[in-house]
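Okay, here's what each chain looks like letter by letter:
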Amino acid sequence: MNPNLFAERLEIELTTALNVLLAAVAARMMLLHWEVRCATCSALLALPLTALQLKSHYSCLSCQNDVLISLNDDISISFSLNPVYSGLGQQHNEDFRSAIDQQYGSVSAHTMLETQLFQRLFPDQHAKLLELGHTNSAAAG
Ligand SMILES: [Zn+2]
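Residues numbered from 1 in each chain as written. Predicted model: local features only at pLDDT ≥ 70, side-chain atom pairs only at ≥ 80, totals over all residues.

A. Here's a closer look at the domain arrangement of the chain. Under the domain assignment, the chain is made up of domain 1 (1–86) and domain 2 (106–141). Placing the centre of domain 1 and that of domain 2 at their C-alpha centroids yields a distance of 37 Å. (Domains from an automatic or database assignment.)

B. Expanded view of helix α4 (residues 94–104). For α4, the buried fraction is low: zero of the eleven residues fall into the buried class. In the segment just after α4, G105 is the residue with positive phi, at about 80°. (Buried ≥ 20, exposed ≤ 12 C-beta atoms within 10 Å, placed from the backbone. Helix = DSSP H or I, 4+ residues; strand = E, 2+ residues; numbered from the N terminus.)

C. Local environment of the environment of M29. Structurally, the position occupied by M29 is in the loop between α2 (14–26) and β1 (30–37). Here the alpha-carbon distance between M29 and S80, two residues 51 residues apart in the chain, equals 8.8 Å. M29 has contacts with A24, N82 and Y85, leaving out every residue within four places of it along the chain. (Contact = placed C-beta atoms within 7 Å.)

D. Region of interest: unusual backbone geometry. Of note in the backbone geometry, E11 takes a positive phi value of approximately 55° without being a glycine. Mapped onto the secondary structure, E11 falls in the loop between α1 (3–10) and α2. E11 sits in the exposed class, given 8 other C-beta atoms within 10 Å. Unusually for a residue other than glycine, Q64 sits at a positive phi of about 65°.

Below you can see the structure in the form of C-alpha cells.
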C-alpha cells in the first residue's frame with residue numbers, strides 16, 4: 001500500500017499516516033517494503049528487505065546505466081498487511097477473538113469516544129456514541 005493513498009483515504013497528514021503504519025510495522029502487523037527503480041527506464045533494480053541492504057550503486061540490466069542511487073527519486077517504500085494477520089476467517093472466529101481479548105483486554109466504545117481520530121474519520125458514529133453516553137449518564141444520575 002502506498003502511504004500517500006493511506007493518508008488521503010483517511011484525510012490525515014502523511015507524517016501521521018507514516019507514524020501509524022510504522023507503529024504497526026514495529027508491532028509486526030504490517031510489513032515495510034523497499035523498492036529500487038532505475039531513474040532512466042523505471043526497471044526494477046532491487047527489492048531489499050531492509051534499508052540496511054540498500055547499495056549506493058546499481059547496474060541497470062535494461063538500459064545498461066550505472067545508477068547512482070538518489071533517496072528521493074529511485075527508492076520508494078510501501079506497506080502491506082503481515083500475512084499472519086490476513087487470515088480473515090481467524091479474526092471472525094469467536095474463540096480466537098475471546099482469547100485475544102483475554103490476553104490484551106478489549107477496547108471499549110468509550111475509548112473510541114475519546115479518540116480524536118475516530119471523531120474525525122467517523123463523525124456520525126462519534127455523535128451516536130456521544131448521544132448514548134449522555135443518555136446513559138442521565139439515566140444513571
Ligand atoms: Zn534502466
